[in-house]
Amino acid sequence: MTPYTIWLKRFSLICAIALSPVFIASCSAPSDGEVSGDTSTNTASASNGEVIRISIGTQDQVINTAVGGATVRELGLLEKHLPKTGKYEGVEYKIEWSSYTSGPPITNKMLADQIDIGLMGDFPAVINLIKFQEEGGDVASTFIGTLAYSPNGAGNAVVVPKDSEATSLADLKGGSVSVPFGSAAHGMLLKALSDAGINPETDVKLISQAPEVGGTSLRTGQIDAHADFVPFGELFPYRGFAKKIFDGAQTGVPTLHGIVVRSDFADAYPEIIQAYLKAVLEANQIFQEKPEEISAQIEAWSGIEKEVVYMFLGPSGLQPINPTIGDVQLEALKNSIATLISLGKIKSPVNPNDVTQWVDESYLQQAIEQMGLDYDEVIEAGENYVITGNDALTNESIEDPKMAAQLWIQAEPTVTNFASIPNMIKRLNQLQADGQAADVIFVHDRNKGWKLFAENSYYVTNGDQVSAFLLEADAKKFAAESGGQVTTFKSLLQTYASIPQPAQMSRLTIDSLRQALQSAVPAFAG
């Protein structure tokens, strides 16, 4: 694949996304909504006249909801599992899918009885639960399952323009920061600023902007920073116009995206809730069996590059796909309530421990049983989904996923795995010599195992061993403890280079093309 065809593919995709009403909608804009129209399904040749609406609100561009949302929708998995016997014999199902840029619009439509099932992050979820308590009357909202999560907050992030001099949150004092209000990233930002000694009310100007609006504002210099949820903290740097100065993992506070349902709908149609969760379980299985293929399909459905999808949900990814509601997930919800209370964002008195009253895992447990699965094995499949196999260069077994590295070679359908970073770089040099390149290069945090973009990570060398880290502070600490040397990916490329040319590390973007033209032809600089 030539650089021109790569650029042409990307340019076409960007144009399609830019013209998409789903992409350009703000978090509260009325244009948020339907993405695939209604799907009507007769469960028998002769309808009994009853029509059951199933309205699901998702967030196509939020990778954590992609498996339980777009994958279920596009592969027709809900239709496959819907009940067709007993009281459901002859029923016509009217399935309505709608997509939004954040959770609050979904909550508003759930309150208006326009959405039955909603997919959203932890902060929007607890706001959803509280709003139903305040405004729902006899109807409550129930948290019934997890889509994907991080035990320490990885996925949320604060980014600044690529050429910004800001390197920490402290540098944002007096500046403007945008974030989707009411989102998981909003909660992360408020806590992170407070922890850094910055008053969110007086020391910075907070602006509510949906992800794509925040990206445009970063490009045009209208804001100093943008905070966002999965996947934008990685997506914007990957696209070449931003850099990350704060990772949600630095808070050490768990985060998640999950599933909420109106209690009246769940009470009336428990079998439909079980059917939806069986669809989610099957979608998880399909993704884990074919992560590269489904990542590429999710790119087509959402406009989010397959490399970023794979980074979050693939083996050794940032967000385990574990549908259960365990202690970590409950802690994420409790912490969200506690943070909102401490910042004065909740009017009515709520005890964080009360969140357990809004959680019901019985539908998921029944779905697992009906599919012939084991509850503990479902958890293990999500938690132990790591890189395995043999090194593509040496054929040695990959024993430690935290030390592994990966290349997604251009035009290759699957990712290539290596037991070590040096082996990956040696293969990268071979690719160069053959005139090939990689769309993306992954390494993994030595401490936590998180999947990282190689060019944005920090490294420590100890002889022939190379360890990668998300945070510079972690790299320096390990170097001091081990007697190693802190280095950069650029230096590693030079150390292991067999030819002098630099490696191509990511797909050509319009920004990188513009920068290349400006460097090569001064006339383009104006």
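Not measured: the values here are computed from a predicted model.

Draft legend 1. Region of the structure containing the packing of aromatic side chains. All told, the structure shown has 10 aromatic pairs when counted by the stated rule. Measuring from ring centre to ring centre gives 5.6 Å for Phe232 and Phe236, while their planes differ by 50°; the resulting arrangement is tilted. Within this pair, Phe232 and its partner Phe236 are both found in helix H9 (residues 232-239), separated by 4 residues, close to a single helical turn. Classification of Phe232 by relative accessible area gives buried; the value is 3%. Where Phe442 meets Phe453, the ring centres are 5.9 Å apart and the plane angle is 20°; that geometry is what we call stacked. In this pair, Phe442 is assigned in strand S14 (residues 438-444) and Phe453 in strand S15 (residues 451-453), connecting sequence segments 11 residues apart. Side by side, Phe442 and Phe453 carry an identical accessibility label, which is buried. Above the face of the Trp97 ring, Arg73 is positioned so that its terminal group lies 5.9 Å from the ring centre. Lying over the aromatic face of Trp408, Lys306 brings its terminal NZ or CZ to 4.9 Å of the ring centre.

Draft legend 2. Expanded view of the nonpolar core. Ranked by size, the top nonpolar core spans 111 residues in total, and within it Ile54, Val158, Tyr276, Ile421 and Met424 carry the most contacts. At 11 residues, helix H11 (residues 270-289) tops the list of elements feeding residues into this core. Those residues in contact with Met424 that sit more than four places away from it in its chain are Ala405, Gln406, Leu407, Phe418, Ile441, Val443 and Phe489. Listed in part, the 26 residues of the second largest apolar core include Phe123, Phe132, Leu256 and Ala332.

Draft legend 3. Representation of the pairing of strand S9 (residues 225-228) in the model. Of the two faces of S9, both are covered, the one formed by Ala225 and Ala227 as well as the one formed by His226 and Asp228. Here 3 bridges tie strand S6 (residues 157-161) to S9, and the two strands are oriented antiparallel to one another. Looking at S9, one finds that Ala157 is bridged to Asp228. Taken together, the 2 bridges between strand S7 (residues 176-179) and S9 define a ladder with parallel strand orientation. Looking at S9, one finds that Val177 is bridged to Ala225.

Draft legend 4. Main features of a negative patch on the surface. Together, Asp374, Asp376, Glu377 and Glu380 make up a region of like negative charge exposed at the surface. Its place among the elements puts Asp374 in the loop between helix H15 (362-370) and helix H16 (375-383). Under the relative-accessibility criterion, Asp374 is labelled partly exposed at 37%.

Draft legend 5. Representation of H11. Relative to the 28 Å expected for 20 residues at 1.5 Å per residue, H11 spans 29 Å between its end C-alpha atoms, a close match to the ideal helical length. Taking burial as the measure, the 20 residues of H11 include 16 buried ones, the bulk of the element.

Draft legend 6. A look at the confidence of the model for the protein chain. The pLDDT averaged across the protein chain works out to 87; a share of 86% of its residues lies at or above 70. Predicted confidence for residues 1-31 stays below pLDDT 50, and this span has 47 contacts to residues more than four positions away or in other chains. Below a pLDDT of 50 lies the segment residues 519-526, which in the model reaches 3 contacts outside its immediate sequence neighbourhood of four places, other chains included.

Draft legend 7. Looking closely at H9. In terms of burial, H9 is largely enclosed, as 8 of its 8 residues are buried. Residues of H9 that are buried: Phe232, Gly233, Glu234, Leu235, Phe236, Pro237, Tyr238 and Arg239. Directly after H9, the chain includes Gly240, whose backbone phi takes a positive value near 95°.

Draft legend 8. Expanded view of the sheet that holds strand S18 (residues 485-487). Reading across the sheet, the 3 strands line up as S17-S16-S18 and stay open at both edges, with antiparallel pairing between neighbours. Edge strands, defined here as strands with exactly one partner in the open sheet, are strand S17 (465-469) and S18. For this sheet, the mean angle separating the axes of adjacent strands, direction not counted, is 30°. Both strand S16 (residues 458-462) and S18 contribute to a ladder of 3 bridges, which runs antiparallel. From the neighbouring strand, Val460 faces S18, where its bridge partner is Val486. In this fold helix H18 (residues 472-482) packs onto S16, S17 and S18, with an angle of close to 10° to the strand it touches most, S16.

Draft legend 9. Focus on the environment of Asp445. Positionally, Asp445 belongs in the loop between S14 and S15. In this structure the C-alpha to C-alpha distance between Asp445 and Tyr458, which are 13 residues apart in sequence, comes to 9.1 Å. Excluding residues that lie within four positions of it along the chain, Asp445 makes contacts with Lys402, Trp450, Leu452, Ala468, Phe469 and Leu470. A distance of 2.8 Å separates the side chain of Asp445 from the backbone nitrogen of Leu470, its partner in a polar contact.

Draft legend 10. Fine view of the environment of Lys94. Assignment of secondary structure puts Lys94 in strand S3 (residues 92-99). Look at Lys94 and you get partly exposed, because its relative accessible area is 31%. Put simply, Lys94 and Arg53 are 41 residues apart on the chain and 4.6 Å apart in space, counted from C-alpha to C-alpha.

Calculation notes
- Residues numbered from 1 in each chain as written.
- Predicted model: local features only at pLDDT ≥ 70, side-chain atom pairs only at ≥ 80, totals over all residues.
- Heavy atoms only, no water.
- Phe/Tyr/Trp six-rings, centres within 6.5 Å; stacked < 30°, edge-to-face > 60°.
- Helix = DSSP H or I, 4+ residues; strand = E, 2+ residues; numbered from the N terminus.
- Buried < 20%, exposed > 50% of the residue type's maximum accessible area, 1.4 Å probe, protein only.
- Lys NZ or Arg CZ within 6 Å of the ring centre and 35° of its normal.
- Core = buried A, V, L, I, M, F, W, Y, C linked by side-chain atoms within 4.5 Å.
- Contact = heavy atoms within 4.5 Å.
- Pairing = 2+ DSSP bridges.
- Patch = residues over 30% accessible without salt bridge, like charges linked within 9 Å, V, L, I, M, F, W, Y side chains within 5 Å.
- Areas by Shrake-Rupley, 256 points an atom, 1.4 Å probe, with all protein chains shown as cover.
- Salt bridge = Lys/Arg side-chain N within 4 Å of Asp/Glu carboxyl O.
- Lys, Arg positive; Asp, Glu negative; His and termini not counted.
- Charge placed at Lys NZ, Arg CZ, Asp CG, Glu CD.
- Expected span 1.5 Å × (residues − 1).
- pLDDT = per-residue confidence, 0-100.
- Axes fitted to C-alpha atoms, helices over the stretch in contact; angles between N-to-C directions.
- Polar contact = N/O pair within 3.5 Å; in protein donor to acceptor, adjacent residues only side chain to side chain.

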